[in-house]
Amino acid sequence: MLGNFSYSNPTKLYFGEDSLKSLNKELPKYGKNVLLVYGGGSIKRTGLYDQIIKILQDNGKGIFEDAGVMPNPTIEKVYEGCQRVRENQVDLILAVGGGSVIDYAKAVSVSAHCEEDPWEKYFRRMVDVDNPIIPVGCVLTMVGTGSEMNGGTVITNQAAKRKIGHVFGENVFPKFSILNPVFTYTVPHYQMVAGFFDIMSHILEQYFSGSDDNTSDYIMEGLLRSLFHSSRIAVKNPTDYEARSNIMWTATWALNTLIAKGKSTDWMVHMMGQSIGAHTDATHGMTLAAVSLPYYRVIMPYGLEKFKRYAINVWNVNPGGKTDEQIAQEGLGEMESWMNEIGLVMNSRDLGVTEDMLEAIAKGSFILKGGYKVLSRDEIVDILKASMAL
Ligand code: NZQ
Ligand code: ZN
């Protein structure tokens, strides 16, 4: 393990079929007024909304609602949420949904008492929070982002065509998260598999960096093997509890700071994916799926040892009599087969990308330096072209 680091994670998790009950343990810790934040209505259709309202009422809470958080939440919506928090003197934000709802709740939590424009402060100047933060609690209904146990919040500015993530510190992590795998059964197939790919991408973004012998890499190989195994079961039978619960747990560990320890980390797939999202509003995991293979094929020669290790340790590629490059290519080939098998979108045209957008998407992709190769703007354009099969 290289470098010096500290590790702690303040989010309390309640996992399993009975976990919603634990809301009764958490609610008394906060003041009276709760802002219930949710998305476009799935929680009403599944009945979760009624269950949560009842628990809030039983705990004597004043209930305020902020509904309609869209996938890829916008800064305009954040401004609205901030006003609602201030008007109702909210003591706790309870986010019930997927990554978009939780990210939004965190953005509102740091912005409601922010005297400047939060877009400028947190997403343009990347300044840390120095004003009061409203505590956030979560009930997770869609698996993928890891937002339930991290400080990330990704917000879209539609006017500026920018989708930007700010990774805050422990003071912004959710105070608690309730993880019941059964709540994820109703997620539509398209969203479900996009979430699976998001999990894989979070792990690979951290795995494909560095060349030292690092415990984090061994943890990641285990998480990846579990994900590939369970995802194949879940696509055939979405109500397989064992598979859905393993995936839920893997997703949380894929992006809660643990596996980044001792790693420089890459994150270029996310930079390009987010920029595609800013221009198309496409589903996050699908934007990553469209650029991943073209990107990895470009950087593979620069991180050949690691790509070979990925092929052998994660995909069981038999190295006998093959060159390192053949082994590494075979690993990526296995990954491509898995992507096709679970039904991911592999071409960015299918997400709404058109050729005239490519320069702007490339310009909106931050270039990071932690991976095996620092890309040039032209290489990003080439990767985007390859993602359209041009
Ligand atoms: O809005 P509702 O009606 O709830 O429907 C949602 C939404 O349409 C639906 N859904 C969620 N749970 C459901 C369900 N439908 C039926 N049954 C359920 N149980 O699923 C759709 C997608 O939800 P969303 O929250 O947008 O998905 P996801 O969890 O993938 O979140 C994506 C957002 O998170 C950001 C992404 O950029 C994107 O904006 N990310 C956040 C990260 C973080 N905080 O660390 C890291 C990630 O890399 C990612 O960037
Ligand atoms: Zn992601």
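Bear in mind the structure is a predicted one, so any value in this text is a computation, not a measurement.

A.B. asks: Would you mind showing me how to read the site of ligand 1 here?
C.D. replies: Neighbouring ligand 1 are 29 residues, the closest being G40, S42, G99, S100 and D103. In the environment of ligand 1, a nitrogen atom lies 2.7 Å from a nitrogen or oxygen atom belonging to the side chain of D103. For ligand 1, the protein covers 90% of the area, taking 970 Å² as the surface of the free molecule. For the shell around ligand 1, the class distribution of residues is eight nonpolar, 18 polar and three charged. Of the domains in this structure, domain 1 (12–183) and domain 2 (189–387) are the two that each give at least three residues to the shell around ligand 1.

A.B. asks: Sorry if this is basic, but what is going on with the domain arrangement of the chain here?
C.D. replies: Note on interface size: it is often stated as the accessible area lost on association of the parts. Per the domain assignment, the segments making up the chain are domain 1 (12–183) and domain 2 (189–387). Computed from C-alpha coordinates alone, the two centres of domain 1 and domain 2 are separated by 27 Å. Each side of the interface is counted separately: domain 1 has 26 residues, and domain 2 has 25 residues. Counting the surface lost from both domain 1 and domain 2, the interface buries some 2,200 Å², and carbon and sulfur atoms represent 64% of this. The interface formed by domain 1 and domain 2 holds zero salt bridges in total. Where domain 1 meets domain 2, there are five residue pairs in polar contact (both at pLDDT 80 or more). Elements represented by at least two residues in the side of domain 1 that touches domain 2 include exactly β1 (12–15) and β7 (162–167).

A.B. asks: Hey, could you run me through the pattern of salt bridges in this one?
C.D. replies: Between side chains of opposite charge, pairing is possible as soon as their charged atoms come close. Under the definition given, this model contains 15 salt bridges. Close ionic contact of D130 with K121 constitutes a salt bridge, the shortest N to O distance being 2.6 Å. On the accessibility criterion, D130 (63% relative accessible area) is exposed. Residues participating in the shared-partner salt-bridge network are D66, K77, E80 and R84.

A.B. asks: Is there a simple way to think about the packing of helix α8 (residues 215–236) against helix α9 (residues 241–254) in this case?
C.D. replies: Geometrically, a packed helix pair is captured by the angle between its two axes and the distance between the axes. For the pair α8 and α9, interaxial distance at closest approach is 9 Å and the crossing angle is 145°. Considering how the two elements wind past one another, α8 and α9 form a crossing that is left-handed. Residue-level contacts link L223, S226, L227, S230, S231, I233 and A234 of α8 to A243, R244, N246, I247, T250 and W253 of α9. Partitioned by chemical class, the residues of the contact of α8 with α9 number seven nonpolar, five polar and one charged.

Thresholds, definitions, all that
- Residues numbered from 1 in each chain as written.
- Chains lettered and ligands numbered in written order.
- Predicted model: local features only at pLDDT ≥ 70, side-chain atom pairs only at ≥ 80, totals over all residues.
- Heavy atoms only, no water.
- Near = heavy atom within 4 Å.
- Polar contact = N/O pair within 3.5 Å; in protein donor to acceptor, adjacent residues only side chain to side chain.
- Areas by Shrake-Rupley, 256 points an atom, 1.4 Å probe, with all protein chains shown as cover.
- Nonpolar A, V, L, I, M, F, W, Y, C, P; charged D, E, K, R; others polar.
- Domains from an automatic or database assignment.
- Contact = heavy atoms within 4.5 Å.
- Buried area = accessible area lost by both parts, 1.4 Å probe.
- Salt bridge = Lys/Arg side-chain N within 4 Å of Asp/Glu carboxyl O.
- Helix = DSSP H or I, 4+ residues; strand = E, 2+ residues; numbered from the N terminus.
- Buried < 20%, exposed > 50% of the residue type's maximum accessible area, 1.4 Å probe, protein only.
- Axes fitted to C-alpha atoms, helices over the stretch in contact; angles between N-to-C directions.
- Left-handed = near helix turned anticlockwise from the far one by under 90°.

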